[in-house]
Number of protein chains: 2
Amino acid sequence: MLRSHTCGELRISNAGQTVTLSGWVQGVRDKGSLLWIDLRDRYGITQITIETDKASKELVDVARTLGREFVISVTGTVAERYSKSDKLETGDVEINPEKIVVINAAITPPFTIEDETDGGDDIRMKYRYLDLRRNSVRKNLELRHRIAIEVRNYLDKLNFLEVETPVLIKSTPEGARDFVVPSRMNPGEFYALPQSPQTFKQLLMVGGFDRYYQIVKCFRDEDLRADRQPEFTQIDCEMAFVEQEDILNTFEGLIRHLFKSVKGLDIPTLSRMTYADAMKFYGNDKPDIRFEMKFVEMNDIVKGKDFKVFDDAELVVGICANGAAEYTRKQMDELTEFIKRPQIGATGLIYARYNLDGTIKSSVDKFYNEEELKKWVAAFDAKPGDLMMLIAGEENKARKALSELRLEMGNRLGLRDKNKFACHWIIDFPLLEFSEEVDSTSVGEKGGRWHAKHHPFTSPKLEDVALLETDPGAVRANAYDLVINGVEIGGGSIRIHDKNLQAKMFGLLGFSKEAAQAQFGFLMNAFEFGAPPHGGLAFGFDRLCSLFGGADVIRDFIAFPKNNSGRDVMIDSPSPIAQAQLDELMIELKK
Amino acid sequence: MLRSHTCGELRISNAGQTVTLSGWVQGVRDKGSLLWIDLRDRYGITQITIETDKASKELVDVARTLGREFVISVTGTVAERYSKSDKLETGDVEINPEKIVVINAAITPPFTIEDETDGGDDIRMKYRYLDLRRNSVRKNLELRHRIAIEVRNYLDKLNFLEVETPVLIKSTPEGARDFVVPSRMNPGEFYALPQSPQTFKQLLMVGGFDRYYQIVKCFRDEDLRADRQPEFTQIDCEMAFVEQEDILNTFEGLIRHLFKSVKGLDIPTLSRMTYADAMKFYGNDKPDIRFEMKFVEMNDIVKGKDFKVFDDAELVVGICANGAAEYTRKQMDELTEFIKRPQIGATGLIYARYNLDGTIKSSVDKFYNEEELKKWVAAFDAKPGDLMMLIAGEENKARKALSELRLEMGNRLGLRDKNKFACHWIIDFPLLEFSEEVDSTSVGEKGGRWHAKHHPFTSPKLEDVALLETDPGAVRANAYDLVINGVEIGGGSIRIHDKNLQAKMFGLLGFSKEAAQAQFGFLMNAFEFGAPPHGGLAFGFDRLCSLFGGADVIRDFIAFPKNNSGRDVMIDSPSPIAQAQLDELMIELKK
């Protein structure tokens, strides 16, 4: 037996007991006559105290060889501490050891194993096994475990079945790029890794499974932006004999259960916002509604006053930041720079301060007198002390830029508290979006093509089906996203369950009949054997965990993440493979 | 709302209620004045009864268009049945419909959706979504879900953390063949899919995670024998600060919990058998101990009687089958043929009947008189009515053949009841096994090489470490298998946690220092930073499910299995991919 208790377990009630603890040496303090060892494991830290005059020479000698991160086993008596610590749960006791065994020595770690470490990202990833020893990282993964358990508890109670779908599937050209796996037994042929279990979960519905879920790895071979991983985890769900309302209610329940069971929070009923309203009032299909600061369209008010920037713009739109009227010139310059950055791309920022003394002072006083500015105040419903900010330009660009500015102001004004959670649904997404990009499968008058906004299996709203022929862009989908604090945490749709509608959809997306049959024939065939109405959604599990953990990056919630080049720097993968392996697979590297 | 209740839910207490059910048409019986529809969903079957004289013409017309597997929605009143059925849980009631809506028609399925279907394996796999509608298949996957939930419940209570390890890892030459994934971002380099999360779970132990588990997909590119899948699922577990005893106790607890919670069975304490005894008494490292029929070594008794077959044999070994003395000549011929099949390869079967009248009659009476045969009876402790069967030959081959014969006799004598479960541990496996096969990494005097019996990370027993230098084949490992009903359900070991011992092990296995460092450097480096003693095991989840389901094939416990060529015949995968995909990956097909 290597331990009788963990390092987080002993209390004053254990005083007098003989115990054995094992763990890592967090630190040693040697004051000559007294020597302390902090012994750490996953559960906590326990202090070992040695009175060097009274202890055996052998014991003291061993203790004095110990370094940080040595693995040791300590047998001794639990005693009440002379000076208690309220920082540790074990702070009332210490161990007076009879025996210390060095199980494994350690060389000096390349960074400190502390909550606030001195290790940068790269070194922490290379020695991820040491990084995992830090409380802060381990707590993230404990949180992840807890959320997974509660997801399963909730869904199991509602008769959802967790079903494993295959990882070695078939490559499809729609959507992001697939990772592929050459088949040795079928030379020249490849499996693909799933971007999601979409078609399989739909087949489970056709197969009568009714309620399915899976916490499942998915794969996308994308150029990795910051905080994207080539392999990521989804909570994937599907239900049959349901309408959109059933799905929203079921998974609103899941989210409320998670907040309650994991964080002890009762969150209010989720509000619902149409995609159109989200774009109109927040310029964004995943608005952060922890704070208001809605967009106000200003064309009617500001145009025709000889200010060319506004007169030439398709849209002038603004927000009102409460209590920011006293922002300095320097702060305003920062905000202007912020929205002029290439990734945002606005041309400039117009603003008006509604001062506490009731005066209004704008950056365009030359064109707008106080009377005009009072119309601004009315439009924004501004109060003394508020700052009105306007952006002008092409409609979509102006909205996008203002959305970024709104979030930045939210940050600056402390309106985006990580411990506050605003959850809501975005509904009524458009079914299709038009892409100007021309490729071999292009159709449509502009030479570009329609893409599925969600995916090709999403059902249009029945009342909009007729528009598929005449105005595809106006067709709304039975699709929905769950947004928490401005982050898209999940999304899904009611699916098409009719073979003809599915065929029409593939046609709109530029698939030839033959291509549709080759790629998705199995699904369309399945629809001929009695497919039930069905729909579902998927949550980004990594993202959900980081949100619950109050963090911005998902990487810290993944045990062994990859870097932005898709590389695991700890195991040094990907890596070359042997020629014999290539030969067996009947493939060659391109010179 | 598409349904108010499921098809398995209504009882006599619901009589008089107006309900809406949705599901599939299991069948229609039209007797003219009465018409019955059996409506099926995942939860059961409910009878819809139409009195055609009283119902509207419209309703009757719709009902008469229905075929098998149509998806319909029925709204009507729950009524007590005139003639109740005790075969259905809903057998006390029927629905008198007001409205029937055909949600989706169905063409005739290629096989019947019944427990006993008329569909063969191939057609069932091609239309797996229809096969999944069959009760018997769905129940298997419901069982799988239930077992997974109970595994997690048990391990969660013991503070195990489920941690997801990566799927895109690094290829290693040891063990079975890897599936590999070309990296587009790192041309010429490949990821590999994990054969198990072995090194990652060990790194989690180095990282202080203490107790880890995961229900996880693993991958092996093997030539598929019957009932092997290229992707399969393991319950993968690891613990730190433990000895073998701790692991055996923890996971004996898991197995007992599963039998109790899933099957309502209290199974007795698991016995333990050494590998040496398993081979000696059963010729098999995963003996089925639902029945005794132990091997008896007969060299001392049968040699020297001028019977050349026995005199020339390295080993003569036998079993005694209770009550089989009256087997006919035809039965004995069958058994002889059975053990002479190429995959077993025995040269012949010698037997002696201990008849109920006390006489003994053998197939080698020419060499063994009654007095000699009485020694056989004594050796086998045979009773009148028993059949003694002997096999002679090279030791390992004779044991292997007799093991097959023993299992066959177990089947014939009804000793292998699928509803009885005999669980036990096999312990003290040899660390290494010698392979005559010569390859580039060969070492050792015979020109062959040592292979790890379990895997290269398995710890030798400390008392045997010295033998590594002198007699590697005699070194026992801290390795163990869990065997249920003659099937290896799980296995594992205490791992090496010392860098030098691990390096010595790699050396024994024929790795050069450079190769060991290139493949497993990250693990050996990790051992330098304070690695705790650790060990674990993995259960074959597919196999465990099939065992709990009383079935022999794992395929029926996997939602979307592949066939013996590694092919998913439903989606037709693997398949060729586009030239553009190959180009992006910088690979070419070999001509």
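Caption draft 1: The arrangement of the overall build of chain A in detail. When helices and strands are tallied, chain A shows 17 helices and 23 strands. Projected onto its principal axes, the C-alpha positions of chain A cover 90 × 75 × 55 Å. Burial statistics for chain A: of 591 residues in total, 58% are counted as buried. Restricting the contact set of chain A to residue pairs at least 6 apart, pairs at least 24 apart contribute 64%. Each charge sign in chain A was given a centre, from 78 positive and 92 negative side chains, and these centres are 3 Å apart.

Caption draft 2: Structural context of the pattern of salt bridges. Residue and element names in this part refer to chain B. The full count for this structure, using the stated rule, is 114 salt bridges over all chains. One salt bridge in this structure joins E238 and K201, with 3.4 Å as the shortest N-O distance. Here the residue E238 occupies a position in strand 10 (residues 231-240), and K201 occupies one in helix 5 (residues 198-206), the gap between them amounting to 37 residues. According to the relative accessible area criterion, K201 is buried, its value standing at 1%. Two residues, D365 and K361, come together in a salt bridge whose shortest N-O distance is 2.8 Å.

Caption draft 3: Seen up close, the interface of chain A and chain B. Each partner contributes to the interface: chain A provides 121 residues, whereas chain B provides 121 residues. Regarding the contact of chain A and chain B, the summed buried area is about 11,100 Å², with carbon and sulfur atoms giving 59% of it. Of all residues in chain A, F241(A), F529(A) and K590(A) give up the largest surface area on contact with chain B, accounting jointly for 8% of the area buried on that side. Where chain A touches chain B, the interface holds 18 salt bridges. One salt bridge connects D583(B) with K590(A), and the closest N-O pair in it is separated by 2.8 Å. Joining chain A to chain B, the criterion identifies 75 residue pairs in polar contact (both at pLDDT 80 or more). Per-element accounting of the side of chain A that touches chain B gives the leading share, nine residues, to helix 4 (residues 135-157) of chain A. Of the residues assigned to the side of chain A that touches chain B, the class counts are 65 nonpolar, 23 polar and 33 charged.

Caption draft 4: Spotlight on the packing of helix 5 of chain B against helix 15 (residues 513-526) of chain B. All names here are of chain B. Where helix 5 meets helix 15, the axes come as close as 10 Å, and the angle between the chain directions of the two elements is 20°. Taken together, the axes of helix 5 and helix 15 are roughly parallel relative to one another. Of the two elements, helix 5 crosses helix 15, and the hand of that crossing is left-handed. Across from T199, Q202, L203 and V206 in helix 5, the residues of helix 15 making contact are F520, F522, L523 and A526. Of the residues in the contact of helix 5 with helix 15, the class split is six nonpolar, two polar and no charged.

Caption draft 5: Structural context of the relation of the copies chain A and chain B. Of the transformation superimposing chain A on chain B, the axial component is 0.0 Å and the angular component is 180°, with the fit at an RMSD of 0.1 Å. Here the copies are linked by what is in effect a two-fold axis. With an isologous cut-off of 70% or more, the 100% of interface residues of chain A that recur at the interface of chain B puts this contact in the isologous class.

Caption draft 6: The pairing of strand 13 (residues 315-321) of chain A, seen in detail. Residue and element names in this part refer to chain A. Of all seven residues that make up strand 13, seven are buried, and the element is covered over most of its length. Alternating residues of strand 13 divide into L315, V317, I319 and A321 and V316, G318 and C320, and every residue in both groups is buried. The pairing of strand 12 (residues 296-297) with strand 13 spans two bridges and is antiparallel. Counterpart to E297 in the pairing with strand 13 is V317.

Caption draft 7: The arrangement of the packing of aromatic side chains in detail. Taken as a whole and judged by the stated rule, the model has 50 aromatic pairs over all chains. Members of the aromatic cluster, each reached through a chain of ring pairs, are F307(A), F310(A), F367(A), Y368(A) and W376(A). One cation-aromatic arrangement involves K126(B) over Y127(B); the distance from NZ or CZ to the ring centre is 5.7 Å. Note that R406(B) overlies the ring of F291(B), its terminal NZ or CZ placed 4.0 Å from the centroid.

Caption draft 8: Structural context of the confidence of the model for chain A. Residue and element names in this part refer to chain A. Averaged over every residue, the pLDDT of chain A is 94; the share at 70 or more is 98%. For residues 439-446, every residue scores under 50 in pLDDT, and the model assigns this stretch 13 contacts once sequence neighbours within four places are set aside. Reported for the predicted complex are a pTM of 0.95 and an ipTM of 0.94.

Caption draft 9: Main features of the sheet that holds strand 2 (residues 34-41) of chain A. Residues and elements named next belong to chain A. Strand order in the closed barrel formed by five strands is 1-2-3-5-4, and the pairing between neighbours is mixed. Adjacent strand axes in the sheet meet at a mean angle of 50° when their direction is disregarded. Across seven bridges, the pairing between strand 1 (residues 18-30) and strand 4 (residues 71-80) is antiparallel. Looking across to strand 4, one finds that T18 is bridged to T77. Contacts from helix 1 (residues 57-65) reach strand 1, strand 2, strand 3 (44-51) and strand 5 (93-104), with the element oriented near 70° to strand 5.

Caption draft 10: Region of interest: unusual backbone geometry. Residue and element names in this part refer to chain A. The omega angle of the peptide bond from S573 to P574 is 0°, so this bond is cis rather than trans. For N159, which is not a glycine, the phi torsion comes out positive at approximately 70°. Here N159 shows up in the loop between helix 4 and strand 6 (161-162). By relative accessible area, N159 is classed as partly exposed at 41%.

Caption draft 11: Looking closely at the sheet that holds strand 6 of chain A. Residue and element names in this part refer to chain A. Taken together, eight strands build an open sheet; the order of strands is 6-9-10-22-21-20-17-11 and the sheet is mixed. Of all the strands in the sheet, just strand 6 and strand 11 (271-274) have a single pairing partner and so form its edges. In the sheet, strand 20 (residues 479-484) pairs with strand 21 (residues 487-494) via six bridges, with the strands oriented antiparallel. Bridge pairing links D481 to G491 in strand 21. Relative to the sheet, helix 5 (residues 198-206) contacts strand 9 (211-219), strand 10 (231-240) and strand 22 (534-540), its axis offset from that of strand 10 by approximately 20°.

Caption draft 12: Seen up close, the pairing of strand 14 (residues 350-354) of chain B. Residue and element names in this part refer to chain B. Burial of strand 14 is extensive: five of the five residues sit out of reach of the surface. In strand 14, alternate side chains face the same way, and those of I350, A352 and Y354 on one face and Y351 and R353 on the other are all buried. With four bridges connecting them, strand 14 and strand 16 (residues 387-393) associate as antiparallel partners. Paired with A352 across the bridge in strand 16 is M388. Two elements, strand 14 and strand 15 (residues 360-362), share three bridges in a ladder whose sense is antiparallel. Paired with A352 across the two strands is S362, which belongs to strand 15.

Caption draft 13: Representation of the domain arrangement of chain A in the model. For chain A, the assigned domains are domain 1 (12-104), domain 2 (138-273 + 424-558) and domain 3 (291-416). For domain 1 of chain A versus domain 3 of chain A, the distance between C-alpha centres works out to 62 Å.

Caption draft 14: Representation of the environment of P533(A) in the model. Looking at the secondary structure, you find P533(A) in the loop between helix 15 (513-526) and strand 22. For the pair P533(A) and I494(A), spaced 39 residues apart in sequence, the C-alpha separation works out to 8.0 Å. Apart from residues no more than four positions distant in its own chain, P533(A) is found in contact with M239(A), A240(A), F241(A), V242(A), H497(A), L2(B), V71(B) and I103(B).

Caption draft 15: Spatial organisation of the packing of helix 4 of chain A against helix 16 (residues 541-548) of chain A. Residues and elements named next belong to chain A. Between helix 4 and helix 16, whose axes approach to 10 Å, the crossing angle comes to 115°. Handedness of the helix 4/helix 16 crossing: right-handed. Where helix 4 abuts helix 16, its residues L143, R144, I147 and A148 lie against F541, D542, L544, C545 and F548. Split by residue class, the contact of helix 4 with helix 16 holds seven nonpolar, no polar and two charged.

Caption draft 16: Representation of the state of the cysteines in the model. Under the definition given, this model contains zero disulfides over all chains. Between C237(B), a cysteine without a disulfide, and C218(B), which holds the nearest cysteine sulfur, the sulfur-to-sulfur distance is 12 Å.

Caption draft 17: Main features of the environment of H424(B). All names here are of chain B. Assignment of secondary structure puts H424 in strand 17 (residues 423-427). Using a relative accessible area of 0% as the deciding quantity, one classes H424 as buried. In the structure, H424 is positioned 65 residues away from T359 in sequence and 38 Å away in space, judged by C-alpha atoms. Once you skip the residues sitting within four places of it in the chain, H424 turns out to touch L270, S271, M273, P287, I289, D481, L482 and V483.

Conventions we followed
Residues numbered from 1 in each chain as written. Chains lettered and ligands numbered in written order. Predicted model: local features only at pLDDT ≥ 70, side-chain atom pairs only at ≥ 80, totals over all residues. Heavy atoms only, no water. Helix = DSSP H or I, 4+ residues; strand = E, 2+ residues; numbered from the N terminus. Buried < 20%, exposed > 50% of the residue type's maximum accessible area, 1.4 Å probe, protein only. Contact = heavy atoms within 4.5 Å. Lys, Arg positive; Asp, Glu negative; His and termini not counted. Charge placed at Lys NZ, Arg CZ, Asp CG, Glu CD. Salt bridge = Lys/Arg side-chain N within 4 Å of Asp/Glu carboxyl O. Buried area = accessible area lost by both parts, 1.4 Å probe. Polar contact = N/O pair within 3.5 Å; in protein donor to acceptor, adjacent residues only side chain to side chain. Nonpolar A, V, L, I, M, F, W, Y, C, P; charged D, E, K, R; others polar. Axes fitted to C-alpha atoms, helices over the stretch in contact; angles between N-to-C directions. Parallel < 35°, antiparallel > 145°, perpendicular 65-115°, else oblique. Left-handed = near helix turned anticlockwise from the far one by under 90°. Least-squares fit on C-alpha atoms with pLDDT ≥ 70 in both. Pairing = 2+ DSSP bridges. Phe/Tyr/Trp six-rings, centres within 6.5 Å; stacked < 30°, edge-to-face > 60°. Lys NZ or Arg CZ within 6 Å of the ring centre and 35° of its normal. pLDDT = per-residue confidence, 0-100. Domains from an automatic or database assignment. Disulfide = S-S within 2.5 Å.

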